[in-house]
Amino acid sequence: MVTHFWQNVYCDLVRPLAATPGTAVLPFQYRKLPRAKRVAVECGPTSVLKKHGLTHQNYKQPKGGPLTPLRRRTRHAILAGLGRWVRISDRHRRAIMRNPGADALDAVIAAAGPLHEFREADHAAMARHDHFPREGRAYV
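Residues numbered from 1 in each chain as written. Predicted model: local features only at pLDDT ≥ 70, side-chain atom pairs only at ≥ 80, totals over all residues. Heavy atoms only, no water.

This part covers the environment of R128. Structurally, R128 is set in helix 6 (residues 123-128). By relative accessible area, which is 61% here, R128 ends up exposed. Sequence spacing of R128 and Y30 is 98 residues, and the spatial spacing of their C-alpha atoms is 9.4 Å. (Helix = DSSP H or I, 4+ residues; strand = E, 2+ residues; numbered from the N terminus. Buried < 20%, exposed > 50% of the residue type's maximum accessible area, 1.4 Å probe, protein only.)

It is worth spelling out the packing of aromatic side chains at this point. Inspection of the entire model under this criterion finds zero aromatic pairs. The ring centre of F132 lies 5.7 Å from the NZ or CZ of R137, which sits over that ring. The side chain of R137 reaches across the aromatic face of Y139, ending 4.8 Å from its centre. (Phe/Tyr/Trp six-rings, centres within 6.5 Å; stacked < 30°, edge-to-face > 60°. Lys NZ or Arg CZ within 6 Å of the ring centre and 35° of its normal.)

A few words on the side chain of K32. Looking at the secondary structure, you find K32 in the loop between strand 1 (23-25) and strand 2 (38-40). One buried charged side chain, K32, makes no salt bridge at all; its nearest oppositely charged neighbour is E42, positioned 17 Å away. Engagement of the side chain of K32 in a polar contact is seen with the backbone oxygen of A18, the distance being 2.7 Å. Setting aside chain neighbours within four positions, we find K32 in contact with A18, T20, T23 and A24. (Lys, Arg positive; Asp, Glu negative; His and termini not counted. Salt bridge = Lys/Arg side-chain N within 4 Å of Asp/Glu carboxyl O. Polar contact = N/O pair within 3.5 Å; in protein donor to acceptor, adjacent residues only side chain to side chain. Contact = heavy atoms within 4.5 Å.)

To continue, consider the packing of helix 3 (residues 69-82) against helix 5 (residues 103-120). Between two packed helices, the angle of one axis relative to the other and the distance separating the axes together describe the packing. Between helix 3 and helix 5, the least distance of the axes is 11 Å, while the angle of their chain directions is 25 degrees. The angle between helix 3 and helix 5 falls in the class roughly parallel. Relative to helix 5, the crossing made by helix 3 is left-handed. Of the residues in helix 5, those in contact with R75, I78, L79 and L82 of helix 3 are L105, V108, I109 and A112. When the residues that make up the contact of helix 3 with helix 5 are grouped by side-chain class, the tally is seven nonpolar, no polar and one charged. (Axes fitted to C-alpha atoms, helices over the stretch in contact; angles between N-to-C directions. Parallel < 35°, antiparallel > 145°, perpendicular 65-115°, else oblique. Left-handed = near helix turned anticlockwise from the far one by under 90°. Nonpolar A, V, L, I, M, F, W, Y, C, P; charged D, E, K, R; others polar.)

Set out below in C-alpha cells:
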C-alpha cells in the first residue's frame, strides 16, 4: 500500500508540487521546511473526524435536496467540533449546510484537521523517524 502511494501518488501527482520552489511536501521534504512558504500534507476527512471523536457518518446526502434532520444535526455537530480549531463565518456555515454532497464540509475538514495536526506535531522527531520521511504520513 505504501509503495503504491509512493509510486502512483507521490511520483505522478506530488512531484510537480514538491519541485515547486518554496513548497515542502511533508513528511518527505523536512529539509525544505525552514525556508518553505507553503506546506502540503496528506489528509483524509473521515480520518480527521474519527481521530477527534466527531461523527463520520450521516453528514453527506448523495441524493441531493434539502438536508434531512439527521444530516443537519450531524453537520452542526461536526462544525461545532471544528470550531475548536478554526473560526467559520456564518456565511460559510450556510454554504456548508446548503451543499448536499458535503464537498464544502469535506474541504473545511481537510484543511482544519491537518492545520491542527501540523501545529501539534513534533516535527523534529518526525524528520528523524525511520518510517515517515520514506513512507509518508497522513496529518489527521
